[in-house]
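# Per-entry structural report
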Amino acid sequence: MTGDTQVWTPIDFEADGKQCDWLRIPHSTDLSGYGVVPAPIVCIRNGAGPTTLLMAGSHGDEYEGQLALAALARNIDPAAIQGRIIILPALNAPAVEAGRRVSPLDDGNLNRSFPGDPFGGPTAMIAHYVTSVLLPMADIAIDLHAGGRSCDYIPCALVRSGGPEAEQRALADLAIAFGAPVTSISDGSGGGGKTTFSAVGQGLGVPVLTAELGGRAALSRDGLAIAERGLRNVLKHTGILSDLAADPAPPTRFMRVRGRGAFVYAMRRGLFEPAAELGAVVEAGQLAGVIHAIDRPWQAPEPITFTEDGMVACRRAPMLTVAGDCLYKLLVDVEPG
Ligand SMILES: [Zn+2]
């Protein structure tokens, strides 16, 4: 499968030192027949040791991870590490350039494109390169997200359920090392199923931690600080940066999505006026918000209620809403034991 990739880079992943260059994704257009899409990549290696793969910009309008990884790439001295760190701060570079969730080149949503296709569009080619070349080199991987234009998130980490017990234990240890205030354990059914990076990580036996660090295509300074501290603590946890003086990670609260009812949807068009704040604890039957009809403002707005108890982890950001838009995602505590 690796041999099929059309993506290439001059970086030698086996060489010591810090190499900064680009992935080159072939993209042939009217004005650039032999063109490539460049996506920045930094490889920092010092001798034998574990490999950590760090990615952000899978969705272009999510920023805390992009800044945290760029800073890490600039600041890490190769002599200070043992092993290898591969950093891609703007993985779906065309989406980052456009400030969009999806790539303007092919409408590709990178974190719904795994395991990818070496002969597909640019987004599918990037996903395939990550799956077939980068992920097999990694001992652990982190993929930093936020809510993008459409959502606002409490800062939280996400890990996938359903793997073998040893792998789930490794994921829990990774989440504890990262130290986000909340870690959500999910089977992925609410967002992406088997097409996400964490799904292919599970398939290849590589622990993948995803994080949601803010949203609304803005920068959460809280989320940025959590990412910066979390990355350093994870690199310490893996032994790659064992001498690092990092602030200790605060305890994380393990939570989960209870079921389909954790996702609240709008089923009509209008202006969504939310009634619950991010982080609020809500109960089944409680008012979640109302939707105002644009064309019949004389009508009473339509109420929407929560159908499950939980904590608001994610809320829709734009007021303008159509049928099928997700308005909330709720989490509940994982029962001990
Ligand atoms: Zn995302």
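Residues numbered from 1 in each chain as written. Predicted model: local features only at pLDDT ≥ 70, side-chain atom pairs only at ≥ 80, totals over all residues.

## Description of the overall build of the chain
Here is the rule: Numbering goes from the N terminus for both helices and strands, where a helix is a DSSP run of H or I of at least four residues and a strand is a run of E of at least two. A radius of gyration in this sense is built from C-alpha atoms; the matching globule rule multiplies 2.2 Å by the number of residues raised to 0.38. Put simply, a residue is buried when 20 or more other C-beta atoms lie within 10 Å of its own C-beta and exposed when 12 or fewer do; between those, it is partly exposed, and each C-beta is set from the backbone. Residues are defined as contacting one another if the C-beta atoms placed from their backbone atoms lie within 7 Å.
On a plain count of helices and strands, the chain comes out with six helices and 18 strands. Taken over the C-alpha trace, the chain has a radius of gyration of 20 Å; the compact-globule value for 337 residues is 20 Å, and the two agree within 12%. Within the span of the chain, comprising 337 residues, buried residues form 47% of the whole. Taking contacts inside the chain between residues at least 6 apart in sequence as the whole, the part at least 24 apart equals 69%.

## Quick word on the packing of helix α1 (residues 64-75) against helix α6 (residues 221-238)
Heads up, the condition is: Here the axes come from fitting lines to C-alpha atoms, over the contacting stretch only for helices, and the angles between their N-to-C directions go from 0 to 180 degrees. Geometric relationships in this document are graded by angle, where less than 35 degrees denotes roughly parallel, more than 145 denotes roughly antiparallel, 65 to 115 denotes roughly perpendicular, and other angles denote oblique. The sense of a crossing depends on the near helix, which, turned anticlockwise from the far helix by less than a right angle, makes the crossing left-handed and, turned clockwise, makes it right-handed.
Running from amino to carboxyl end, α1 crosses α6 at an angle of 40°, the nearest separation of the two axes being 9 Å. Between α1 and α6, the interaxial angle falls into the category oblique. Crossing hand, α1 versus α6: right-handed. Facing α1, whose interface residues are Glu64, Gly65, Leu67, Ala68, Ala71 and Leu72, α6 presents Gly223, Leu224, Ala227, Glu228 and Leu231.

## Topic: the nonpolar core
As a reminder of what qualifies: A set of buried residues qualifies as a nonpolar core if it consists of Ala, Val, Leu, Ile, Met, Phe, Trp, Tyr and Cys joined through C-beta atoms within 7 Å. The domain boundaries here were taken from an automatic or database domain assignment.
Residues Ala39 and Ile126 are the most contacted members of the largest nonpolar core, which totals 97 residues. Per-element accounting of this core gives the leading share, seven residues, to helix α3 (residues 122-134). The residue makeup of this core includes at least three contributed by each of domain 1 (2-256) and domain 2 (260-333). Residues in contact with Ala39, not counting those within four places in the same chain, are Trp22, Leu23, Ile25, Leu88, Ala90, Leu91, Ala93 and Ile126.

## Description of the sheet that holds strand β12 (residues 270-274)
In any sheet, the strands associate via hydrogen bonds between backbone groups, in a parallel or an antiparallel arrangement. In plain terms, the rule: The rule for pairing is simple: two strands pair if DSSP sees at least two bridges between them.
The strand order β15-β14-β12-β17 describes an open sheet built from four strands, whose pairing is antiparallel. The open sheet has two free edges, formed respectively by β15 (302-305) and β17 (320-321), since each of these has just one partner strand. Examined bridge by bridge, β12 and strand β14 (residues 287-292) share four bridges and lie antiparallel to one another. The residue of β14 that forms the bridge with Pro274 is Gly289.

## Concerning the domain arrangement of the chain
The line we're drawing: Charged means Asp, Glu, Lys or Arg here, nonpolar means Ala, Val, Leu, Ile, Met, Phe, Trp, Tyr, Cys or Pro, and polar covers whatever is left, Gly included.
Looking at the assigned domains, one finds that the chain contains domain 1 (2-256) and domain 2 (260-333). Taking only C-alpha atoms into account, the centre of domain 1 sits 30 Å from that of domain 2. With 15 residues of domain 1 in contact, the opposing surface of domain 2 contributes 13 residues. Among the elements of the structure, β6 (151-153), β8 (182-186) and β10 (253-256) are those that each provide at least two residues to the side of domain 1 that touches domain 2. Looking at the side of domain 1 that touches domain 2, the element that brings in the most residues is β6, giving three residues. Among the residues forming the side of domain 1 that touches domain 2, the class breakdown is six nonpolar, five polar and four charged.

## Quick word on the packing of helix α4 (residues 165-178) against α6
Look at α4 against α6: their axes get within 7 Å of each other, and the N-to-C directions meet at 130°. Judged on the interaxial angle alone, α6 and α4 are oblique. Mapping the contact onto sequence places Leu174, Ala177 and Phe178 in α4 and Gly230, Asn233, Val234 and His237 in α6. A per-class count over the contact of α4 with α6 returns four nonpolar, three polar and no charged.

## Details of the environment of Cys20
With respect to the secondary-structure elements, Cys20 resides in strand β1 (residues 17-26). Given 13 C-beta atoms within a 10 Å radius, Cys20 is considered partly exposed. As for Cys20 and Cys43, which are separated by 23 residues in sequence, their C-alpha atoms are 6.7 Å apart.

## Observations regarding the environment of Ile226
Positionally, Ile226 belongs in helix α6. Taking the C-alpha atoms as reference points, Ile226 and Cys156, 70 residues apart in sequence, are found 9.1 Å from one another. Residue contacts for Ile226: discarding those within four places in its chain leaves Pro155, Ala180 and Leu213.

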